[in-house]
Each structure stands twice: as C-alpha cells, then as structure tokens.
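Single-letter residue listing:
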Amino acid sequence: MTIAKKEPITDSVTIPVSIITTCYGRNRHLYNLLSSLMQGSVRPDEVIIVNDDADPEQLAKFSLNIVQIPTTTSMLLNSTFDIGRNRNVGATHATNDALIFLDVDCIVAPTFIEQLASKLQAKPNALLMGQPRYLTRPLTDVEGVKLQQGTLLKSSLDKLSVYNPYRYNIKPSSSNATSVETDIEMSMEQTQDYGAFWSLCFAISRVQFEKIGGFDTQYVGYGAEDTDFAFTARALAIDFYLTDDVIYHQQHSVYRPPLNHLESIVINANRFYDKWQHWPMAGWLVEFVDMGLITWQAEQQEPINIIRQSSAAEIEAAHWADAPYV
C-alpha cells in the first residue's frame, strides 16, 4: 500500500532520496523516526517501510510520501523478521538513486538527511555511515508530540543521549570552511576498518548497493549481516567513510551478552568464517565460551558448536531493561 504524498506543513525542500527502514511491532519508534524525518531541514522524496504493521491512520498524520511494503503472510505468522532480506526488498522498490537506510529505532538530527545526502552526492561511489548517539531513556509522550511538531530541540536530544564508549566516534566538526566541498571533507573520515560499519544508519548509491549484491540473505536472525555487507564493499574496493551526521538511537531493552540470540549468532559466525576466514563478533563469542555455551578459539577453522542452550535464568540475568546500547 502506498500513502500519497501530502502538502508539506513547513517550507522544507524535498530532495531525491529514498529512506528505507524495516519495522514490525516497533511502532512507537517508527512514529518518532517519521516525526524527525518530517521536521528535517529537507524531506526525503519517499520513505519505504518494509514488513510494517503500523496503523495507516497514524501514518497519514505525517506529511511524507510513505510506501508500505508488507512481507509474506507466512513470515508474519511465523514471527520471523529477516532484516537483510527486508532491506533488499526496500532497495528494490526505491525510485531514487540515493539510498539512506535507517533502523526503525533512529531519530534523525534536523540536518541529517540534507548533510548525508550531500556527502553521498560528493562521494557517489562510497559507503557512508552516520554517527549514532544513544538516548538514555525512552522519549515521553509529550516529547514525542514535540518531536512531531518540530519543537523538540536538538540540544535537548543531545542532553538525553551519549556516545557508545566501546565504538569509535567521530565528533562533530567545528569547521570554518569557506566552501561546501571543504566542509564536507572536514565532516567525514575515510577508514580501512570496515568492521566498524553498522547498518543502523548508512547511505549508498543504488549502483553500489547492487554491485555489492545487497545483504547476504544466508544470514539468519541477528548478527554479522552488516559486517558481511561491509567486507563485500571492501573486497570490491568501495571506499568507506564515517561521517559526523547524527542519529539518536531510541532506547530499548538489550541483553549483555545477547543470549537471546545465541543460536543465530553461532549460525552467522560460522557462515561469516566460511566466507571470509575471519571470526566476527569475537567479544560475544568469548563470553559464550566463558559461560560454557560453545566451543570456540580465535585460531580455529572448524565450525562453532553449541554445547548447551542458555537457561531462562541466565537470559534474564543478562537482560538490561534500560541500557542505552549493547
């Protein structure tokens, strides 16, 4: 189903960019994402939502060209959520050459779309990733309304959020550049660390996305599909840049370590090693070893075996209801 584009309620310019997100059962986050897109310095030409169960009446409140792409009934009945496949489906339906992928728990800073799209225009053959900040609590209903109205200030979101100390963070540039080109160069960093790529918020051209082949759908559930995407980009000599364009990651409960995804992490780690002769998610694998859940060593070449499943008590002990990041 497609919701027709409505007349904007602000003077925002619409630019030829397709936003792609995937959502099922995370509608509070989705509405906050759409609010931030609607109130940005520019608006994307279309917002594609794959596997969406949002209320059409709620979506009609947003002055955006929203395209809903449902997945198959059998997938929904089985409660599966194939994020890699869904992103590929979204890209197939996109009508623009510039693609920006956002997880549903993102809130974009006011200039995020404008600035990231400008960088992609300047570096059309590159893979670009934005800078996450993590909200330390969920937005209240009042804050959600303010976000939709465009009155929730970026400074307020900055105060409510933190950087992830376990990841490299590119800080906002304090550029006094005299040209657009110089400003763009100063607000992004090329890196050879393709393992730093995270599909939470990234931009790529349709040509380069298709060159990579999209996300490998042999990965299941949770873990490694985005690192695989980046490693394929590296193998194809596609430059990778980190940018200082901020998204705010909406808080949700996490598991440290992610025992709730033990089986899929093991399957995906084996898949990744078979493909790249490199073990991904090593930190989590070490924790699983320490708990006696798997057999694994960093030097091994044979597949990982699960010794036992984690217990309900172990999973509950790993649950952090209010942590901003994993």
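Structure shown above.
Residues numbered from 1 in each chain as written. Predicted model: local features only at pLDDT ≥ 70, side-chain atom pairs only at ≥ 80, totals over all residues. Heavy atoms only, no water.

**Brief notes about the nonpolar core**
Point 1. Residues Leu30, Leu34, Leu37, Ile100, Leu102 and Phe112 are the most contacted members of the largest nonpolar core, which totals 48 residues.
Point 2. Residue contributions to this core peak at six residues, all from helix α1 (residues 27–38).
Point 3. The residues contacting leucine 34, other than those within four sequence positions of it, are Val47, Leu59, Phe62, Leu64 and Ile66.
Point 4. In this structure, Ile212, Tyr219, Ile265 and Phe272 belong to the second largest nonpolar core, which totals 45 residues. (Core = buried A, V, L, I, M, F, W, Y, C linked by side-chain atoms within 4.5 Å. Buried < 20%, exposed > 50% of the residue type's maximum accessible area, 1.4 Å probe, protein only. Helix = DSSP H or I, 4+ residues; strand = E, 2+ residues; numbered from the N terminus. Contact = heavy atoms within 4.5 Å.)

**Details of empty space enclosed by the protein**
Once rolled over the atoms, a probe with the size of a water molecule shows which space is left empty.
Point 1. Summed over the entire model, instances satisfying the criterion amount to one cavity of 30 Å³ or more.
Point 2. Contributing to the lining of the largest cavity are 10 residues, with Asp82, Gly84, Tyr219, Val220 and Gly221 lying nearest its centre.
Point 3. The class makeup of the residues in the lining of the largest cavity is four nonpolar, three polar and three charged. (1 Å grid on protein atoms, 1.4 Å probe; cavity = no way out; pocket = protein on both sides within 12 Å on 5 of 7 lines; lining within 4 Å. Points joined across faces, edges and corners; volume = space filled by probe spheres on them. Nonpolar A, V, L, I, M, F, W, Y, C, P; charged D, E, K, R; others polar.)

**Quick look at the packing of α1 against helix α6 (residues 141–149)**
Point 1. At a minimum axis distance of 8 Å, the contact between α1 and α6 shows a crossing angle of 30 degrees. Together, Arg28, Asn32, Ser35, Ser36 and Met38 of α1 and Asp141, Gly144, Leu147 and Gln148 of α6 make up the contact between the two elements.
Point 2. Its residues placed into classes, the contact of α1 with α6 shows two nonpolar, five polar and two charged. (Axes fitted to C-alpha atoms, helices over the stretch in contact; angles between N-to-C directions.)

**A short note on the environment of proline 172**
Point 1. Tracing the backbone shows proline 172 in the loop between β8 (161–162) and α8 (180–186).
Point 2. Between the alpha carbons of proline 172 and valine 246 there is a distance of 8.5 Å; along the sequence they are 74 residues apart.
Point 3. In this structure, proline 172 is in contact with Tyr163 and Asp244, ignoring residues within four places of it in sequence.

**A short note on the environment of phenylalanine 272**
Point 1. Counting through the fold element by element, phenylalanine 272 comes out in helix α11 (residues 262–276).
Point 2. We classify phenylalanine 272 as buried; its relative accessible area is 0%.
Point 3. Filtering out sequence-adjacent residues up to four positions away, phenylalanine 272 remains in contact with Tyr219, Ala224, Thr227, Asp228, Phe231, Gln277, His278 and Pro280.

**Things to note about helix α4 (residues 83–93)**
Point 1. Of all 11 residues that make up α4, eight are buried, and the element is covered over most of its length.
Point 2. Taken together, the buried positions of α4 are Ile83, Gly84, Asn86, Arg87, Asn88, Val89, Gly90 and Ala91.
Point 3. On the buried face of α4, the contacting elements are β2 (13–22), β3 (42–50), β4 (66–69), β5 (98–102), α9 (206–212) and α10 (225–235).

**Some thoughts on the packing of aromatic side chains**
Point 1. Within the structure shown, the criterion is met by 19 aromatic pairs.
Point 2. With centroids separated by 5.1 Å and ring planes inclined at 65 degrees, the aromatic side chains of phenylalanine 231 and phenylalanine 272 adopt a geometry described as edge-to-face. Note that phenylalanine 231 is positioned in helix α10 and phenylalanine 272 in helix α11, a separation of 41 residues in sequence. Neither residue differs from the other here; phenylalanine 231 and phenylalanine 272 are each classed as buried.
Point 3. Among the aromatic residues, those joined into a ring-pair cluster are Phe101, Tyr194, Phe197, Phe202, Phe209, Phe215, Phe229 and Phe240.
Point 4. The side chain of arginine 234 reaches across the aromatic face of phenylalanine 231, ending 4.1 Å from its centre.
Point 5. The ring of tyrosine 219 carries the charged tip of arginine 271 above its face, separated from the ring centre by 5.9 Å. (Phe/Tyr/Trp six-rings, centres within 6.5 Å; stacked < 30°, edge-to-face > 60°. Lys NZ or Arg CZ within 6 Å of the ring centre and 35° of its normal.)

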